[in-house]
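# Tertiary structure, described
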2 protein chains.
Amino acid sequence: MTGGYLKGRLRREDIITAAIAVYREAGYHGSSLREVAKRAGITHAGLIYYFPSKEALLAAVLERRDAEDADREQLNVAAPGLDMLRHLIGLAEYNVAHPGIVDLYVRLAAEAVSPGHPAHEYFVRHYRVAREEVLASFQALADTGELRPDVDPQVAALTFIALEDGLQAQWLTTPDEVDLVGSLRTYLQSLLTVPLS
Amino acid sequence: MTGGYLKGRLRREDIITAAIAVYREAGYHGSSLREVAKRAGITHAGLIYYFPSKEALLAAVLERRDAEDADREQLNVAAPGLDMLRHLIGLAEYNVAHPGIVDLYVRLAAEAVSPGHPAHEYFVRHYRVAREEVLASFQALADTGELRPDVDPQVAALTFIALEDGLQAQWLTTPDEVDLVGSLRTYLQSLLTVPLS
DNA sequence: CCTACCGATCGGTAGG
DNA sequence: CCTACCGATCGGTAGG
């Protein structure tokens, strides 16, 4: 009875996977529904049967990213503090092993700076959530004296997110000249009074 | 006698100015020669008379950016060291006052991460030059004991560039929640043994 | 610099 | 899900 629905769900997942691959190579604006459809093995009109517009497909791609991140978070119920920072380093290591994901993220984030972009609100939320998460960790570390007393948790949180983003772009452009994880680790360590690892 | 040539040069400048405005709003791939031409007050075929292809126009835009940066550098012959760092803060202040330039830079940099993009080589060079410039300053500071002894100049240079780039993207997306210049200043100060200002 | 045009491609719709 | 199609737009060319 649910066979039809199951098949539809699987087809949807195939399309989203194809879309991620295409966005990665051409960005959102630079990609076409026809190219995504071809990789998913259907026509572009067939794709529109599942996702009624180009924007709806983008929304589905971003939803999957969030779902995957949530999965990883759940496996890794790190409390705010040192463990959370180590977890963030782990996420960076995961990213370095999956350049395609980083590529997609960097390109979409840049396109979406303009308020009219269909993913703009997504990134506004994304930045806010990321900042709050990191801030909570720095505040916890401040409470236990593990954060250097001259470090402002608010500034440190903002800076950490920005540093991660900037390193990603520079690493994608010149991979051989950027040690993404090492640089992050060095930065974090410089804020702490205890060894990070 | 040079009247014709002068007029052509001026027209070229008009077109480049229009291109910057359009790239800023739509990115390079998202913009059209027709839109650029319309803002410059000519037809798109007229534009092609001056710039033989879309890529040639992009090259001219990047050349102008380099020329303007070089002008600012020349006015401000800062030697490597503290003065140079203050100069970089000044550049960040200039950028915050000119969001359009930052927008263009962030969008192009993200599009150009892929090796096939017409501006890819430009950004490879841009990152390398930027890193070397900042590295020279940190090394000079290390020699005079103004850099904290536990700071590696190489890592600090890479990190500074990445931080600036990441802050720009986050600031463009959520301007009210990011203090770009203040964050840069705080970061730099944390590396030094002497007051930055 | 323009008019006029080309082939290609785009997102989306109709109708089944 | 497909075939067939739409109007719009693209970069670039011809020819003046």
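From a predicted model like this one, the values you see are computed outputs, not experimental measurements.

Let us look at the protein's contact with DNA strand D. Taken together, 18 residues surround DNA strand D, and among them R11(A), T43(A), Y49(A), R34(B) and H44(B) come closest. A breakdown of the atoms of DNA strand D within 4 Å of the protein gives sugar and phosphate a share of 50%. At 3.3 Å, a backbone N or O of S31(B) approaches a phosphate oxygen of DNA strand D. H44(B) places a polar side-chain atom, nitrogen or oxygen, 2.8 Å from a base nitrogen of DNA strand D. Counting residues per element, the ones that place at least two in the surface near DNA strand D are α1 (3-26) and α3 (44-50) of chain A together with α2 (33-40) and α3 (44-50) of chain B. Broken down by class, the residue content of the surface near DNA strand D amounts to 7 nonpolar, 6 polar and 5 charged.

For the rest of this paragraph, the subject is the packing of helix α5 (residues 82-97) of chain B against helix α8 (residues 153-173) of chain B. All names here are of chain B. Taken N-terminus to C-terminus, the directions of α5 and α8 make an angle of 15 degrees; their axes are 12 Å apart at the nearest point. Classified by the angle between their axes, α5 and α8 sit roughly parallel to one another. Between α5 and α8 lies a crossing of right-handed hand. Contacts between α5 and α8 pair L88, A92, N95 and V96 from the former with F160, E164, Q168 and W171 from the latter.

We now examine helix α5 (residues 82-97) of chain A. The end-to-end C-alpha distance of α5(A) is 23 Å, a good match for the 22 Å that 16 residues give at a rise of 1.5 Å each. Along α5(A), the residues that are buried comprise L82(A), M84(A), L85(A), H87(A), L88(A), I89(A), A92(A) and N95(A).

This part covers the domain arrangement of chain A. All names here are of chain A. Split by domain assignment, chain A resolves into domain 1 (1-61) and domain 2 (76-197). If you average the C-alpha positions of domain 1 and of domain 2, the two centres end up 30 Å apart. Carbon and sulfur atoms make up 68% of the surface buried where domain 1 meets domain 2, a total of about 830 Å² over both sides. When the buried area of domain 1 at its contact with domain 2 is split by residue, R24, Y28 and L58 rank highest and sum to 51% of it. For the pair domain 1 and domain 2, the number of links is 0 salt bridges. For the pair domain 1 and domain 2, the number of links is 2 residue pairs in polar contact (both at pLDDT 80 or more). Secondary structure elements with two or more residues in the side of domain 1 that touches domain 2: α1 and α4 (54-75). A per-element tally of the side of domain 1 that touches domain 2 places α1 first, with 5 residues. Residues belonging to the side of domain 1 that touches domain 2 are distributed by class as follows: 6 nonpolar, 2 polar and 3 charged.

Rules of the game
- The residue count restarts for each chain, going from 1 along the sequence in the order it is written.
- Working convention: letters from A go to chains and numbers from 1 go to ligands, in the order in which they are written.
- It should be noted that, the model being predicted, local features are given only for residues of pLDDT at least 70 and side-chain atom pairs only at 80 or more, the latter also being counted only at that level, while totals for whole chains, interfaces and linings use all residues.
- Excluding hydrogens and water, the side-chain figures rest on all heavy atoms present in the structure.
- Being near a molecule or strand, for a residue, means having at least one of its heavy atoms within 4 Å of it.
- Two N or O atoms form a polar contact when they lie within 3.5 Å of each other; inside protein one atom must be a possible hydrogen donor and the other a possible acceptor, and for residues adjacent in sequence the pair counts only when both atoms belong to side chains.
- Each helix is a run of H or I in the DSSP string that is no shorter than four residues. Each strand is a run of E no shorter than two, and both are numbered from the N terminus.
- Note on residue categories: nonpolar means Ala, Val, Leu, Ile, Met, Phe, Trp, Tyr, Cys or Pro, charged means Asp, Glu, Lys or Arg, and polar means any other residue, Gly included.
- Structural elements are reduced to axes, namely lines fitted to C-alpha atoms, with helices fitted over the stretch in contact, and the angle between N-to-C directions of any two is expressed from 0 to 180 degrees.
- Convention used here: angles under 35 degrees read as roughly parallel, angles over 145 as roughly antiparallel, angles from 65 to 115 as roughly perpendicular, and any remaining angle as oblique.
- Each helix crossing is assigned a hand: it is left-handed if the near helix lies turned anticlockwise from the far helix by less than a right angle, otherwise right-handed if that turn is clockwise.
- Whether two residues touch is decided by their heavy atoms; if any such pair falls within 4.5 Å, the residues are in contact.
- Helix span, as expected, comes to 1.5 Å for every residue beyond the first.
- Partly exposed describes any residue whose relative accessible area lies between the buried limit of under 20% and the exposed limit of over 50%, with all areas from a 1.4 Å probe on protein chains only and scaled to the type maximum.
- For each domain, the first and last residues come from an automatic or database assignment.
- A quick way to say it: buried area is the sum, across both parts, of accessible area lost when two parts are put together, with a 1.4 Å probe.
- A side-chain nitrogen of Lys or Arg and a carboxyl oxygen of Asp or Glu constitute a salt bridge if their distance falls within 4 Å.

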